[in-house]
Amino acid sequence: MERRTIGAGGLAVGAVGLGCMPMSWAYSGSRQRGEESVRTVHRALDLGSNLLDTADMYGPFTNELLLGRVLKERRAEAFVSTKVGLLVGEQHIVANGRPGYVKRACDASLRRLQTDVIDLYQLHRADPEVPIEETWGAMAELVRAGKVRALGLCAVGARGGRRSGTRLHDATLRQLQRAQQVFPVSAVQAELSVWSPEALEALLPWCEARGVGFLAAMPLGNGFLTGTLTPGEGFEPDDLRARHPRFTAEMMAANQPIVAGLRRVARRHGEEVTPAQVALAWVLAQGRHVVPVPGTKRYRWATENADAVDVRLTARDLTALAELPPARGSWD
Ligand SMILES: NC(=O)c1ccc[n+]([C@@H]2O[C@H](COP(=O)([O-])OP(=O)(O)OC[C@H]3O[C@@H](n4cnc5c(N)ncnc54)[C@H](OP(=O)(O)O)[C@@H]3O)[C@@H](O)[C@H]2O)c1
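Residues numbered from 1 in each chain as written. Predicted model: local features only at pLDDT ≥ 70, side-chain atom pairs only at ≥ 80, totals over all residues. Heavy atoms only, no water.

Asker: Help me get a handle on the site of the ligand, residues and values and all.
Answerer: Near the ligand lie 33 residues; those nearest to it are Y27, D53, T296, K297 and R298. The contact in question runs from an oxygen atom of the ligand to an N or O atom on the backbone of L220, over 2.8 Å. In isolation the ligand has 900 Å² of accessible area, and contact with the protein removes 97% of it. Here the element with the most residues in the shell around the ligand is helix 10 (residues 299–306); it accounts for 3 residues. (Near = heavy atom within 4 Å. Polar contact = N/O pair within 3.5 Å; in protein donor to acceptor, adjacent residues only side chain to side chain. Areas by Shrake-Rupley, 256 points an atom, 1.4 Å probe, with all protein chains shown as cover. Helix = DSSP H or I, 4+ residues; strand = E, 2+ residues; numbered from the N terminus.)

Asker: Describe the sheet that holds strand 3 (residues 18–19), naming the residues involved and giving the relevant values.
Answerer: What the 8 strands build is an open sheet, ordered 3-4-5-8-9-10-11-12; its pairing is parallel. Each edge of the open sheet is held by one strand with a lone partner, namely strand 3 and strand 12 (290–292). Two strands pair when backbone bridges link them, and strand 3 and strand 4 (residues 51–53) are joined in this way by 2 bridges, in the parallel orientation. Bridge pairing links L18 to L52 in strand 4. (Pairing = 2+ DSSP bridges.)

Asker: Tell me about the confidence of the model for the protein chain, and name the residues and values.
Answerer: Taken as a whole, the protein chain shows an average pLDDT of 93; of its residues, 95% reach a score of 70 or greater. In the predicted structure, residues 158–164 sits below a pLDDT of 50 and forms 26 contacts with residues beyond four places in sequence or in another chain. (pLDDT = per-residue confidence, 0-100. Contact = heavy atoms within 4.5 Å.)

Asker: I'd love a proper account of the side chain of D127, names of residues and values included.
Answerer: Summarising the element assignment, D127 is placed in the loop between strand 8 (118–123) and helix 4 (132–144). Lacking a salt bridge, the buried D127 has R98 as its closest oppositely charged neighbour, with an N-O distance of 5.2 Å. Within the structure, the side chain of D127 is placed 2.8 Å from the backbone nitrogen of E129, a separation counted as a polar contact. The residues touching D127, leaving out its near neighbours within four places in the chain, are A95, N96, G97 and R98. (Buried < 20%, exposed > 50% of the residue type's maximum accessible area, 1.4 Å probe, protein only. Lys, Arg positive; Asp, Glu negative; His and termini not counted. Salt bridge = Lys/Arg side-chain N within 4 Å of Asp/Glu carboxyl O.)

Asker: Explain the pattern of salt bridges to me, and be specific about the residues and the numbers.
Answerer: Taken as a whole and judged by the stated rule, the model has 15 salt bridges. A salt bridge links R112 to E64, with the nearest nitrogen and oxygen atoms 2.8 Å apart. Of the two residues, R112 is situated in helix 3 (residues 99–113) and E64 in helix 2 (residues 62–74); the sequence distance between them amounts to 48 residues. The exposure class assigned to E64 is buried, which follows from its relative accessible area of 0%. Of the charged contacts in the structure, one is a salt bridge between K103 and E141, with a shortest N-O distance of 2.5 Å. Note that K103 is positioned in helix 3 and E141 in helix 4, a separation of 38 residues in sequence. Judged by its relative accessible area of 30%, K103 falls in the partly exposed class.

Asker: Account for unusual backbone geometry, naming residues and giving values.
Answerer: In this structure, P60 follows G59 across a cis peptide bond, with omega equal to -5°. Inspection of the secondary structure assignment puts P60 in the loop between strand 4 and helix 2. Backbone geometry at F61 places phi at a positive 80°, although glycine is not the residue there. Within the secondary structure, F61 sits in the loop between strand 4 and helix 2. Using a relative accessible area of 38% as the deciding quantity, one classes F61 as partly exposed. Unlike most non-glycine residues, N222 shows phi in positive territory, near 55°. Take N222: its relative accessible area is 4%, and that puts it in the buried class.

In structure tokens:
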């Protein structure tokens, strides 16, 4: 698979990564597919899709444990990307960026992942109670201690979705500038997809100008852009889409022209090419520093997503996708 470089340190990864969140968290049926999930991670590594994106919060903890089963055997082939800074409480998810907590959490992640070093350690959310310099300083100490290779910062909204708009990105840019004063940022992770292109405005150019990698979260629009979901499809209460404003029957119907546009472009590339692959090819086309991390627990879809590197969009395709109507349905 084509390789891309994350950050100034020059860490090379497969151009399409694997988002591991749906194996344990946020989507219904996650917990019933543990064995398939393990096979899916192996499949991704076989195909060179070696950036495995997880977080201690996914599960909580079980997603890292699941990856640890694979890493125990294949650590050298993988690029391990995990996150710190969010805790699942009784009622709410809370941020914790205190230095002592960050260091303990890193040791716990290393144990669960069955490795002695994390390639990319990301701050999942900045803690409003702790200056980012303190949290980032503790993360930098983990690099100096050899427990972590590089640091990243996530810029995803509090509800994991559409708050990833311009306002969020302005706040993120301020955080990034402060973090950079303490220790180099190697990667930024934020939502980027055909139906959520806001990161193109300021976040992507900021990264490109500084040699910072960009991990595109939710590149398939939480599954919508694959064209496999139908309007009116019910989601279990534990599925993030049950409360997501773009996944009401009305909004799923209103956003069908976006899927139709992806399908039209897919057809130009052959019978086998899918809307999901076009959605990923669009993300890949946004810059050599961009690595999409499509999430899946399924062997078949990990294969399909990795193969998206071979779909090269033309200028005509990119124009057609740029002209798609903006997505309907917003958190605000
Ligand atoms: N930093 C953050 O705060 C943050 C927030 C959100 C996400 N992320 C990261 O970004 C990754 C991707 O986001 P995401 O997983 O929420 O959303 P996504 O990648 O946009 O979509 C995932 C959904 O699409 C389905 N899917 C995947 N490939 C498919 C294909 N080829 N055909 C049909 N359906 C397909 C998956 O189904 P199955 O579940 O059935 O496999 C899953 O329901 C996560 O895994 C996580 O690592 C980070």
